[in-house]
Amino acid sequence: MAILSLSEKNLQRIKSITNSNYLDVIGLIIVLTASFSLGYHNTEYKFSFLGKNYIFFLGYVSILNTGFSMMGNRLVTKKNNIGNLITTCNTFLSGSIDYLLGNKGAILTYPISFIANFLVFKAWRKSRVLRAIDFIFYRNIVLGLFFSLVLNYIAFTTFSDKAIDWKLFFAVAIPAGITFGGTFNTARMYPDNWFIWQLYNLTKIIQNLMLFNIANTAKYTFYFFNAIIGYITWNDDKKKGSLK
């Protein structure tokens, strides 16, 4: 593969970009611009308390949460465990936002992601070793898909009186399963796990291109690029027995 035949000079350039703080800023600008252009800041949550009506500007919290998501992703790419802590908090906030916006199934699926991300944080605190693909890698992918299919089936049948829309079901369950499996594998720091995230990002890019959603396409294109350099950096570090 061309990736494996890169010269040492080019490898160092790519690794420098991977660990660059400038790339953090670029990523943050992209996701925040996408969020505002999609009108997330206009999202409101209306509720009543003690006989009075209130409006909570949920959109601004959502945009802040999107920024946390990007920073968590970038820090994990740089093998900084603080990224896993941010991602854990981000998952809790994302689940809460989705639930308030009407996704009742979030109460079933997001706890899996929250627990998984927290366990990744604990695993990295205990040991950080870049690993080659093994049986556990594939087992985690299967488990991720299994949990997603089961939990989403429960959500689709419990929180709706309508018959299951199977196209929508798989459109939701498969990407969620990829996310679960990818998160489980992050704990063991497989460089090849970046290909799992590539698959997820690719599905989101295609999905948003079909919807003509340029803002989200730009966001997931950045994540796609980040996963490429993440793989190159982690794979080279594994070969050299380095975590830097």
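Residues numbered from 1 in each chain as written. Predicted model: local features only at pLDDT ≥ 70, side-chain atom pairs only at ≥ 80, totals over all residues. Heavy atoms only, no water.

The next point concerns the environment of Asn185. Within the secondary structure, Asn185 sits in helix α7 (residues 166-186). Separated by 180 residues in the primary sequence, Asn185 and Ser5 have C-alpha atoms spaced 26 Å apart. If we skip the residues at most four places from it in the chain, Asn185 touches Ile136, Phe137, Asn140, Ile141, Tyr190 and Asn193. Polar side-chain contacts of Asn185 include one of 3.3 Å to the backbone oxygen of Phe137. (Helix = DSSP H or I, 4+ residues; strand = E, 2+ residues; numbered from the N terminus. Contact = heavy atoms within 4.5 Å. Polar contact = N/O pair within 3.5 Å; in protein donor to acceptor, adjacent residues only side chain to side chain.)

Attention now goes to the nonpolar core. In terms of nonpolar packing, the biggest core is built from 27 residues, with Trp124, Trp194 and Trp234 touching the most fellow members. Elements with a contribution of two residues or more to this core: α1 (8-18), α2 (21-37), α3 (58-77), α5 (106-126), α8 (193-210) and α9 (214-240). With eight residues, the top contributor of residues to this core is α9. With near-sequence residues (within four places) excluded, Trp194 lies in contact with Thr77, Asn226, Ala227, Gly230, Tyr231 and Trp234. (Core = buried A, V, L, I, M, F, W, Y, C linked by side-chain atoms within 4.5 Å. Buried < 20%, exposed > 50% of the residue type's maximum accessible area, 1.4 Å probe, protein only.)

In this section: the pattern of salt bridges. Evaluated as defined, the whole model comprises eight salt bridges. Among the ionic pairs, Asp236 bridges to Lys240, the shortest N-O distance being 3.0 Å. Of this pair, Asp236 and Lys240 are both found in helix α9, four residues apart, which corresponds to roughly one turn of the helix. Linked through salt bridges whose partners overlap, the residues forming this network are Glu8, Lys15, Lys79, Asp236, Asp237 and Lys240. (Salt bridge = Lys/Arg side-chain N within 4 Å of Asp/Glu carboxyl O.)

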